[in-house]
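Summary of the model geometry
Residues per chain are reported as follows:
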Amino acid sequence: MIDRDKKPIGIFDSGLGGLTVLREIIKSLPNEDFIYFGDSKRAPYGTKSRETITNFAFQDVRFLLNKGVKALVVACNTISSNSIDEIRNNFEVPVIEVIGPGSRTGVSTTNNGKVAVIGTEATVVSNAYVKKIHEINNDIKVFQKSCPLFVPIAEEGQHLWDSEITLLAARMYLDEMLETGADVLILGCTHYPLLKKAISRVLGNKMKIVDSAKSTAAELASIFSDEDAKNKEKGKISIFTSDSREKFLPMSKAILGNEDFTVEQVNIEKY
Ligand code: DGL
């Protein structure tokens, strides 16, 4: 167990997708301070090589450690599936990732033993979900598909999240997943929950949608002791982006709703 102290928890992603994880974490740990970093300038990560993903992730981690964080949440499936061992081997801080929690939720949700996973190219190629799901239950059939247009659509702005373009892209990617007979679809990318309405319109009631946000939040809460939490004030949320603050701010508001937070731009290449 880690004691609660005044140090913040660091959360990061290639862009704004990880805010869907932060949204759930705040509900479980409302009194903690959070520092979020979204690397919008260099997103998407999911089309890049493992080496580039790891190099970017190391800079993201160094920035957060520089801010004095006591734990890290890798709110990105692409980094979790490609660079998690390197991060754990090179930095001495507790690290929570998202593939394990997402896989466990997927396995506990399926009724017919067939699970579909969508994610970035780099996540799909790594087979991280297939391996993790089979560690939990080797009899589960796993179907995977990468959906490269989803991240740029999500990063472009909230006007596109439930648009006709997103619906078209969702049809193009998901019709094939519907044919697999899987009854669960894991959103294996933290950007995808932003497009959930369009995705649901394509799936109808044929598949249950799961993502790793809630289970990742529960895992993080389980490593922090609850002592004094109730007596503390509401925590502070500081958001940093490597690209335009003006663009990141309204999208952060769209995701975090009424939460109070600040948004600043940072030169990530310095780290
Ligand atoms: N949101 C990230 C993920 O969960 C990365 C998306 C990207 O930058 O390609 O995979």
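Above: the structure in question.
Note that the structure is a prediction, hence the values are computed from the model and not measured.

1. Description of the sheet that holds strand 10 (residues 262–265)
Sheets are built from strands paired through backbone hydrogen bonds, the pairs being either parallel or antiparallel. An order of 4-3-1-2-9-10 is seen for the six strands of this open sheet, with the pairing classed as parallel. Strand pairing shows two members of the sheet lacking a second neighbour, strand 4 (95–96) and strand 10, which therefore form its edges. Pairing geometry for strand 1 (residues 9–13) and strand 3 (residues 71–74), over four bridges, is parallel. From the neighbouring strand, Ile 9 faces strand 3, where its bridge partner is Ala 71. Against the sheet, helix 1 (residues 19–28) contacts strand 1, strand 2 (34–38), strand 3 and strand 9 (237–241), and its axis sits at roughly 170° relative to strand 2. Sheet strands touched by helix 2 (residues 50–66): strand 1, strand 2, strand 3 and strand 9. Its angle to strand 1, the strand with the most contacts, is close to 155°.

2. A word on the packing of aromatic side chains
Enumeration over the complete set of coordinates arrives at seven aromatic pairs. Ring geometry for Phe 58 against Phe 91: centres 5.0 Å apart, planes inclined by 80°, an arrangement best described as edge-to-face. Here Phe 91 lies in the loop between helix 3 (77–90) and strand 4 and Phe 58 lies in helix 2, a separation of 33 residues in the sequence. Judged by relative accessible area, which is 13%, Phe 91 ranks as buried. Measuring from centroid to centroid gives 5.3 Å for Phe 63 and Tyr 271, while their planes differ by 75°, and the two rings are edge-to-face. With Phe 63 in helix 2 and Tyr 271 in the segment after strand 10, this pair connects stretches of sequence that are 208 residues apart. Assessed through its relative accessible area of 1%, Phe 63 is described here as buried. An aromatic cluster of at least three residues, connected via ring pairs, comprises Phe 37, Phe 63, Phe 240 and Tyr 271.

3. As for the pairing of strand 2
Counting buried residues in strand 2 gives five out of five residues, a clear majority hidden from the surface. The side-chain alternation of strand 2 yields two buried faces, one formed by Phe 34, Tyr 36 and Gly 38 and the other by Ile 35 and Phe 37. In this sheet, strand 2 lies alongside strand 1 in parallel orientation, the contact comprising five bridges. For Gly 10, the partnering residue across the bridge sits in strand 2 and is Ile 35. In terms of handedness, the path from strand 1 via helix 1 over to strand 2 forms a crossover that is right-handed. In terms of strand pairing, strand 2 meets strand 9 through five bridges, oriented parallel. The residue of strand 9 that forms the bridge with Ile 35 is Ser 238.

4. So, the site of the ligand
Around the ligand sit 13 residues in total, of which Ser 14, Tyr 45, Gly 46, Thr 78 and His 191 are the nearest. A distance of 3.0 Å separates a nitrogen atom of the ligand from a polar atom in the side chain of Asp 13. Between an oxygen atom of the ligand and a main-chain N or O atom of Thr 190, the distance comes to 2.8 Å. The fraction of the free accessible surface of the ligand (300 Å²) that becomes covered by protein chains is 99%. Looking at the shell around the ligand residue by residue, the classes come out as five nonpolar, seven polar and one charged.

5. Describing the nonpolar core
Formed by 54 residues in total, the largest nonpolar core has its most connected members in Phe 150 and Leu 174. Counting residues per element, this core draws most heavily on helix 8 (residues 164–178), which supplies six residues. Not counting residues up to four positions away in its chain, the partners in contact with Leu 174 are Ile 118, Leu 185, Ile 199, Val 202 and Leu 203. Grouped together as the second largest cluster of nonpolar side chains are 25 residues, Phe 12, Ala 57, Ala 122 and Val 266 included.

Thresholds applied
- Residues numbered from 1 in each chain as written.
- Predicted model: local features only at pLDDT ≥ 70, side-chain atom pairs only at ≥ 80, totals over all residues.
- Heavy atoms only, no water.
- Pairing = 2+ DSSP bridges.
- Helix = DSSP H or I, 4+ residues; strand = E, 2+ residues; numbered from the N terminus.
- Contact = heavy atoms within 4.5 Å.
- Axes fitted to C-alpha atoms, helices over the stretch in contact; angles between N-to-C directions.
- Phe/Tyr/Trp six-rings, centres within 6.5 Å; stacked < 30°, edge-to-face > 60°.
- Buried < 20%, exposed > 50% of the residue type's maximum accessible area, 1.4 Å probe, protein only.
- Right-handed = clockwise from strand over helix to strand, strands pointing away.
- Near = heavy atom within 4 Å.
- Polar contact = N/O pair within 3.5 Å; in protein donor to acceptor, adjacent residues only side chain to side chain.
- Areas by Shrake-Rupley, 256 points an atom, 1.4 Å probe, with all protein chains shown as cover.
- Nonpolar A, V, L, I, M, F, W, Y, C, P; charged D, E, K, R; others polar.
- Core = buried A, V, L, I, M, F, W, Y, C linked by side-chain atoms within 4.5 Å.

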